[in-house]
Amino acid sequence: MDRSALVALEFPAIAERVARATATEHGSSLALALEPSRDGDEVGRRQALTTEAIALLDAAEEPPLQGIHDVRDAAARAARGGVLAAGALRSIADTIAGALRARSALEQQDAPLLTELATGIEPSLGSLAESIGRTVEEDGSDLRDTASPRLRKLRTTLRNERHRVAEKMQQLARSSGLREHLQEDFVTQRGGRPVLAVKASARRNVPGIVHDSSDSGQTLFVEPFEVVELNNHHSEVAGAEREEAERILRELSEAVGERAEVLDAVVDATAQIDVTLAGAAVSRAWRGAPVEVSDEVRLLGARHPLLDPATAVPIDLELGRLRALVISGPNTGGKTVALKTLGLAALIHQSGLRPPAAEASLPIFDEVLADIGDPQSIEMSLSTFSGHVANLVAILRSARELSLVLVDELASGTDPVEGSALAQALLTRLASQARLTVVTTHYPELKEWASATEDVANAATGFDPDTHAPLYRVTLGRPGTSHALRIAERLGLDGAVVEDARDRIVPERRRIEELLAQTEAAERVAVEERILAARKRAEAEQAVERARARDAELESEIASVRASAAAERERAAAEAERDLTAARQELQALRDEIRVAKRRERDVRRTAGGAAARAERDRDRRLGAASARAEEAERAIRSIERPLPVTGPLAEGDPVEAPTLGVRGTIASIEGDEAEVIGVAGHRIRIPLERLRPDPRGTASESETAPAVRVIAAARGDVTDELDVRGTSSQDAREAVRSFVDDASLAGLTAVRIVHGRGTGAVRAAVREELDRHPLVERHESESADGATVAHLVG
């Protein structure tokens, strides 16, 4: 790619951004050297690598690259026979370990291309890293004492000798014979030997070797003869220790030198993985879009990657197969930014990154050529126009069928008439020579030429006439206006001068400018209305989402109410069941009492008189009360077992009931939190709404209040000996038979008749089952072709 074009389009700043995202030294250098490729297969490979890397970043599964250093120079030095220091060896071990971790992490992911890059990391290097790790300290400061048995022994001896020398020197410094001749009582070193600071005047009183003196000459640094031998032995041991350490470092360095080429491959492989991950991270940060390789040029929502994403205005460039595009509009209106955005999108794509855009389709350009900025040079005696022409000559020489050409202010900086003609001629040549040429201009003639030429189009950048601020939008299909006079007036130029200039414009040209300005205004209004419509649509969608959320909330509340109602029904049913059980137990006890009492009734009547009658009436009253409680409990259970449907709020005309008040009826009106209810008999009563609930049986009627069974009175007194239960339910028949037998037994009847009909047999079976378990029934028999049953009571 043309280096000057890369600089003009600020591509090095993109490379620097990628370099800042790398984790390794060599990865950073590769990023700074990043260049777009003109080979389609290579671009596809780079993009596939970026896709894999973005997937790993999205899943937080990127391979670790910490601890990897550029150790190629150290490996090369070892290959030439050099001995590496402990720190360099530790860096090599850390690099091998980090690279092997990265390879292992990639092998566990679905990233075949990145894993293929990691094959350059040779697993057999692990043994070299382990050898260095066992020998060199973790921080690389020195060899470990355990690097070899001899080194451990020598270092132990060295420490012991050093301790003996220190003790002897301290003993001499504290001795009474020497203390008065010393300037200081501490031990220091000169030339690697321990010495005492002796007064120069007392030199003869401290026998030893003078190693140094102070600047003033008043102090001599003397090694006493008593420690010379000890120091000599210490030095011998220290020399042996150095030789052993040198031998170990030499052996490790030879092992590194033998694997120098493999280590180079490790550094290269990890750097390529690093720069791929860095490019993916940068692409992800600016929300880059994958590019569809196509013959057409299409960028939607494209942003300049070096501008602040919070303020950068996205542009749309749907150019299809156009050969040339002429962008016009006011100064600072975004024309140059549009050129750079398109150029950088192509360079970024062909470098393996994703350009910041919502959607993108681009060809693979063999060259991106650009003339942007002011190329004047005093040293080369070039004016601005001359510099531009020199660049255009180079561009015409290099442009080919798959080239992208970007020129800012084509043929500007000279006579307008000649410049306009030159611009048309240049663009005509470039449109036929390059794949796409995009230029900016203020020449009206070039705009007219673009409107009249096939495969060439105009585009305009916007300008807000109210705020005089550029809009940085690009609109295809029409030329833009420069607004030069308006901008000059806004910047403070005398209004009379501006008006004089406006009068000097050819009327036809002024009319064209006015029409273009009107078009811009209409377009701006349309854009604002479209934005407003989009905002309202978004608000409507949000309202719909809120409504859906509210529906879900109401559904949850309804489910909660249902669950609560079910739990309440179960609680009430259990309570009613307990009441019914107690009532039945009481009733059974009374029946047992009655059965015993009836056997003795004659004797009791003859002997007890009025007391017996009172006892009988008391039993009757208790039996009747128990029966009533049992019936009420059973009715409560049946009512509870019928769950009420969850409905909306109560309204006028709804059938309701107030179970706690024993009221059923229809709502006539509602005022506040009270309702006026019309009862079955027509009476009106005001009841709080919270005490009402929908009546599952509907509006009460006279027919509904009629008894479920009919009692046919016999000719004997007020207690009949026959019961007709035809047309009733099995449960109602059971209750009627139970009560009927109780009453007949109290009345002293010995036999009764129950008419149930034949029908399906369900009522007959229920009647006979109740008679079988009734304690006051001695036996029963069929009658009237099985349509009735006669029961004989306990006498």
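A. Looking closely at the overall build of the protein. Tallying secondary structure elements over the protein gives 24 helices and 24 strands in all. Within the protein, contacts between residues separated by at least 24 positions form 67% of all contacts whose residues are at least 6 apart in sequence. By element, 50% of the accessible surface of the protein is carried by carbon and sulfur atoms, the whole surface being about 41500 Å².

B. Region of the structure containing the sheet that holds strand β18 (residues 684-688). What the five strands build is an open sheet, ordered β18-β17-β16-β15-β19; its pairing is antiparallel. Whereas interior strands pair on both sides, the edge strands pair on one side only; in this sheet they are β18 and β19 (693-694). Bridge count between strand β15 (residues 655-658) and β19: two bridges; the pairing is antiparallel. Note on β19: the bridge partner recorded for E657 is R693.

C. Summary view of helix α15 (residues 416-433). In this model α15 runs 25 Å from its N-terminal to its C-terminal C-alpha over 18 residues, within 8% of the 26 Å that 1.5 Å per residue would give. Residues of α15 that are buried include every one of G419, S420, A423, L426, L427, L430, A431 and Q433, and no others. All buried residues of α15 lie within an arc of 155° about the axis, which places them on one face of the element. Residues of α15 that are exposed and angled more than 90 degrees away from the buried face: V417, E418 and S432. Looking at the buried positions of α15, the neighbouring elements they touch are β8 (324-328), α14 (384-398), β11 (403-407), β12 (436-440) and α16 (444-452).

D. Focus on the pairing of strand β23 (residues 777-783). Pairing analysis gives six bridges linking β23 to strand β24 (residues 788-793), with the strands arranged antiparallel. From the neighbouring strand, S782 faces β24, where its bridge partner is T789. The turn joining β23 and β24, which pair antiparallel and follow one another in sequence, is formed by four residues; a positive phi near 55° is taken by S784.

E. Geometry of the confidence of the model for the protein. When pLDDT is averaged across the protein, the result is 81; 80% of the residues are at 70 or more. Note that pLDDT drops below 50 for residues 700-717; the model gives that stretch 26 contacts with residues more than four away or on any other chain.

F. Quick peek at the sheet that holds strand β3 (residues 208-213). In space, the four strands of this open sheet follow the order β1-β2-β4-β3, with antiparallel pairing throughout. Only two strands of the sheet have a single partner each, and these edge strands are β1 (182-190) and β3. Each neighbouring strand pair of the sheet contributes to a mean axis angle of 35°, computed without reference to strand direction. Direction of pairing for strand β2 (residues 193-199) relative to strand β4 (residues 219-224): antiparallel, over a ladder of four bridges. Across the sheet, K199 pairs through a bridge with T219, a residue of β4.

G. Helix α9 (residues 149-174), seen in detail. An ideal rise of 1.5 Å per residue puts 38 Å on 26 residues; α9 measures up with 38 Å between its terminal C-alpha atoms. Where α9 is concerned, the buried positions are L151, L154, R155, L158, E161, V165, M169, L172 and A173. Packed against the buried residues of α9 are α10 (176-179), β1, β2, β4 and α11 (225-258).

H. Spatial organisation of the side chain of K335. Along the chain, K335 falls in helix α13 (residues 335-350). With sequence-adjacent residues up to four places away left out, K335 is seen in contact with I327, S328, G329, P330, E409, T440, H442 and T461.

I. Quick look at the environment of R726. Tracing the backbone shows R726 in the loop between β21 (722-724) and α23 (730-746). Separated by 37 residues in sequence, R726 and V763 have C-alpha atoms that sit 7.7 Å apart. One polar contact links R726 to D724, side chain to side chain, over a distance of 2.9 Å.

J. Structural context of the packing of helix α8 (residues 125-135) against α11. Where α8 meets α11, the axes come as close as 11 Å, and the angle between the chain directions of the two elements is 165°. When the interaxial angle is binned, α8 and α11 end up roughly antiparallel. Seen along the crossing, α8 lies across α11 with a hand that is left-handed. Contacts between α8 and α11 pair L128, S131, I132 and T135 from the former with I248, L252, A255 and V256 from the latter.

K. Expanded view of unusual backbone geometry. The phi dihedral of E10 falls on the positive side, at around 65°, and the residue is not glycine. Mapped onto the elements of the fold, E10 is located in the loop between α1 (3-8) and α2 (11-20). On the accessibility criterion, E10 (31% relative accessible area) is partly exposed. In this structure, A60 is a non-glycine residue whose phi angle is positive, near 55°. Structurally, the position occupied by A60 is in the loop between α4 (40-58) and α5 (72-79).

L. Inspection of the pattern of salt bridges at higher detail. Overall, the coordinates contain 40 salt bridges when judged by the stated rule. Here R72 ties to D268 by a salt bridge, and the two come within 3.9 Å at their closest N and O atoms. Note that R72 is positioned in helix α5 and D268 in helix α12 (residues 260-285), a separation of 196 residues in sequence. Under the relative-accessibility criterion, D268 is labelled partly exposed at 30%. Measuring nitrogen to oxygen at the nearest pair gives 3.7 Å for the salt bridge that ties E671 to R686. Of this pair, E671 sits in strand β16 (residues 663-671) while R686 sits in strand β18, and the two are 15 residues apart along the sequence. Using a relative accessible area of 38% as the deciding quantity, one classes R686 as partly exposed. Put simply, D142, D145, R155, R159 and E241 are held in one network by salt bridges that share partners.

M. A look at the packing of helix α6 (residues 86-107) against α11. At their nearest, the axes of α6 and α11 sit 11 Å apart, and the two run at 40° to each other. One way to sum up the angle between α6 and α11 is to call them oblique. The crossing of α6 and α11 is left-handed. Residue-level inspection shows A86, L89 and I92 of α6 in contact with α11, the latter providing L249, L252, S253 and V256. Looking at the contact of α6 with α11 residue by residue, the class counts come to six nonpolar, one polar and no charged.

N. Geometry of the side chain of E52. Mapped onto the elements of the fold, E52 is located in helix α4. Salt bridges are absent for the buried E52, whose nearest opposite-charge side chain, R45, sits at 9.1 Å. Not counting residues up to four positions away in its chain, the partners in contact with E52 are A111, P112, L113 and L114.

O. Representation of the packing of aromatic side chains within the structure. Using the criterion set out here, one finds zero aromatic pairs in the structure. The ring of F221 has R190 sitting right over it, with the charged end atom 4.0 Å from the ring centre.

P. Spotlight on the pairing of β15. With four bridges joining them, β15 and β16 adopt antiparallel strand pairing. Looking at β16, one finds that E657 is bridged to R664.

Q. Here's a closer look at the environment of V368. Relative to the helices and strands, V368 resides in strand β10 (residues 367-371). Filtering out sequence-adjacent residues up to four positions away, V368 remains in contact with M1, D2, A5, L9, L347 and L404.

R. Broad picture of the environment of R693. By the secondary structure assignment, R693 is in strand β19. For R693, a relative accessible area of 28% gives the class partly exposed. Along the backbone, R693 and D654 are 39 residues apart, and their C-alpha atoms lie at a distance of 9.6 Å.

What counts, and at which threshold
- Residues numbered from 1 in each chain as written.
- Predicted model: local features only at pLDDT ≥ 70, side-chain atom pairs only at ≥ 80, totals over all residues.
- Heavy atoms only, no water.
- Helix = DSSP H or I, 4+ residues; strand = E, 2+ residues; numbered from the N terminus.
- Contact = heavy atoms within 4.5 Å.
- Areas by Shrake-Rupley, 256 points an atom, 1.4 Å probe, with all protein chains shown as cover.
- Pairing = 2+ DSSP bridges.
- Expected span 1.5 Å × (residues − 1).
- Buried < 20%, exposed > 50% of the residue type's maximum accessible area, 1.4 Å probe, protein only.
- Arc of directions from axis to C-beta.
- pLDDT = per-residue confidence, 0-100.
- Axes fitted to C-alpha atoms, helices over the stretch in contact; angles between N-to-C directions.
- Polar contact = N/O pair within 3.5 Å; in protein donor to acceptor, adjacent residues only side chain to side chain.
- Parallel < 35°, antiparallel > 145°, perpendicular 65-115°, else oblique.
- Left-handed = near helix turned anticlockwise from the far one by under 90°.
- Salt bridge = Lys/Arg side-chain N within 4 Å of Asp/Glu carboxyl O.
- Nonpolar A, V, L, I, M, F, W, Y, C, P; charged D, E, K, R; others polar.
- Lys, Arg positive; Asp, Glu negative; His and termini not counted.
- Phe/Tyr/Trp six-rings, centres within 6.5 Å; stacked < 30°, edge-to-face > 60°.
- Lys NZ or Arg CZ within 6 Å of the ring centre and 35° of its normal.

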